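Observations on the model geometry
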Amino acid sequence: SVQVTKSTATLPAIPEGGTGGNASDPFTFKVLPGAAFDATVLFRIDIVSGSYEDFDFVSISINPSFRDMTSGQLMMTVTANGMFGFTDYPTNSLGGGMKYGAVNALLYHASAMIGTDEAHIVDNARSTGDFLSRRNDFRIVDAVTITSPAGGGNPAKLATSRFTDAYADSARRLNVDVLHRVYDYTNLGVPDVLISKFTVTNTGASALNGVRFGLFMDFGGYPQYYIASVAFDST
C-alpha cells in the first residue's frame, strides 16, 4: 500500500529520563495507486544506539474515504459508502459522527437503503440478526472530496462521493450507481444545516420498477442501540 521514501533518522543525544524526536529529520512514505480506502499500515521502528537495540510498531490510517463537513455549529462526517457519521460501524473509529456545538455522538449508525421488493434491498445498515454487525452491500468508487464552488447561488462547500451496490450478493443486487452530494449554504444565511442529495443511476440491463430509497438513522446510540434495526414489514 505504501512505498517508504526515507527510512532512517538520526536523533540528537537523549539524556537519561529525557525525550527526543525526529521532527527535523522525519521518515517519509507515499501512498501507492490502488491502495485500499481507509487501510491501516503497520510500520516497524528499529531503534539503535551503540550496543543497544530495540523496536516498536506504529500504525497509520491511509487513503481516507471520508471527510468532516461543517455548517455553523453542525458537524457530520460524510462517507463514501452510503453511511453517515462513521464509515466502519460497529467500531465507529473512522469518522467523527455527528456533533452540534458541544454535544457529541448524536448519530450512532446510519445508512442509505435502496430496494424494489423484499428480495431486492441493498444497504450498509444493521440487521435484526446481530446488532453488532451490518450488511456491506456498497462499494466505494470515489472517496469524499470537498470543494468551494465559485459564483453566486453556489454552496459555500460541496462534498461529493460515489458508490455502487457491487458488494451485495447477486440475488439482491440492483446494479445501481449512486452519486452523493452534501451541501453547506451558510453563505446564503442558512447555518447549522447540511443538505444531502442522492442521484441513483440504473447500470443494469433491465428496468428497475418501484424503486424505494430511504435512510436508516439511529440517533439513540449506546446503550439503546437495540431499539432500532432493519427488518421487512410485510404490510
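The structure displayed is predicted, hence computed values, not measured ones. (Residues numbered from 1 in each chain as written. Predicted model: local features only at pLDDT ≥ 70, side-chain atom pairs only at ≥ 80, totals over all residues. Heavy atoms only, no water.)

What follows covers the pattern of salt bridges. One pass over the full model with this rule turns up 10 salt bridges. Across the pair Asp25 and Lys6 runs a salt bridge whose closest N-O atoms are separated by 2.7 Å. In this pair, Asp25 is assigned in the loop between strand S1 (2–6) and strand S2 (28–31) and Lys6 in strand S1, connecting sequence segments 19 residues apart. Since its relative accessible area comes to 22%, Asp25 is described here as partly exposed. Look at Lys6 and you get partly exposed, because its relative accessible area is 28%. Residue Arg135 is joined to Asp137 by a salt bridge in which the shortest nitrogen-to-oxygen separation is 3.6 Å. Since its relative accessible area comes to 27%, Arg135 is described here as partly exposed. When salt bridges that share partners are traced, they join Asp123, Arg135, Asp137, Asp169 and Arg172 into one network. (Salt bridge = Lys/Arg side-chain N within 4 Å of Asp/Glu carboxyl O. Helix = DSSP H or I, 4+ residues; strand = E, 2+ residues; numbered from the N terminus. Buried < 20%, exposed > 50% of the residue type's maximum accessible area, 1.4 Å probe, protein only.)

Taken in spatial order, the 3 strands line up as S5-S6-S7 in an open sheet, and their pairing is antiparallel. For this open sheet the edge positions go to strand S5 (67–71) and strand S7 (98–100), each flanked by a neighbour on one side alone. Shown here is a sheet whose adjacent strand axes are inclined to one another by a mean of 20°, direction ignored. (Pairing = 2+ DSSP bridges. Axes fitted to C-alpha atoms, helices over the stretch in contact; angles between N-to-C directions.)

Relative to the helices and strands, Thr203 is located in the loop between strand S13 (194–202) and strand S14 (212–218). Sequence separation of Thr203 and Thr164 is 39 residues, and the distance between their C-alpha atoms is 9.5 Å. When sequence neighbours within four positions are dropped, the list of residues in contact with Thr203 reads Asn175, Val176 and Asp177. (Contact = heavy atoms within 4.5 Å.)

This part takes up the pairing of strand S6 (residues 74–78). Of all the 5 residues making up S6, 5 are buried; the element is thus mostly covered by neighbouring parts of the structure. Side chains Leu74, Met76 and Val78 project from S6 onto one buried face, and the interleaved Met75 and Thr77 project onto a second face that is buried too. As defined by bridge partners, S5 adjoins S6 across 5 bridges and the pair is classed as antiparallel. Bridge pairing in S6 links Thr70 to Met75.

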